[in-house]
Amino acid sequence: MAKIKITYVNSAIDRKYDQKATIKALGLNKLNSCVEHEATPQILGMVRKVNHLVKVENA
């Protein structure tokens, strides 16, 4: 599978609980932190839920 690089760029303060939980589940802790994940349907769905808080690139 393809890999994607996810960067946390906007704060989750004043966001709904499920969006905060999704950021944490992706492994993002601080702003500007990056993680790499396989591009599975589950991960892509999580990214779609918080696409206004993250930046996604092909790795």
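Described in the following lines is the structure provided in the data block. (Residues numbered from 1 in each chain as written. Predicted model: local features only at pLDDT ≥ 70, side-chain atom pairs only at ≥ 80, totals over all residues. Heavy atoms only, no water.)

### Brief notes about the overall build of the protein
No. 1: From N to C terminus, the protein includes 2 helices and 3 strands.
No. 2: Counting from the amino terminus, the protein carries its helices and strands in the arrangement β-α-β-α-β.
No. 3: In terms of C-alpha radius of gyration, the protein reaches 10 Å, essentially the compact-globule figure of 10 Å for 59 residues.
No. 4: Overall, the protein is about 35 × 20 × 15 Å in size when its C-alpha atoms are taken along their principal axes.
No. 5: Looking at the protein as a whole, 29% of its 59 residues are labelled buried. (Helix = DSSP H or I, 4+ residues; strand = E, 2+ residues; numbered from the N terminus. Rg over C-alpha atoms; globule rule 2.2 N^0.38 Å. Buried < 20%, exposed > 50% of the residue type's maximum accessible area, 1.4 Å probe, protein only.)

### Examining unusual backbone geometry
In most cases, non-glycine residues show a negative phi, while peptide bonds are predominantly trans.
No. 1: The backbone of Asp14 shows a phi angle near 65 degrees, a positive value even though the residue is not glycine.
No. 2: Along the chain, Asp14 falls in the loop between strand E1 (3-8) and helix H1 (17-25).

### So, the environment of Thr7
No. 1: You can see Thr7 is positioned in strand E1.
No. 2: Excluding anything up to four places from it in sequence, Thr7 contacts Asn32, Ser33, Cys34, Leu53, Val54 and Lys55. (Contact = heavy atoms within 4.5 Å.)

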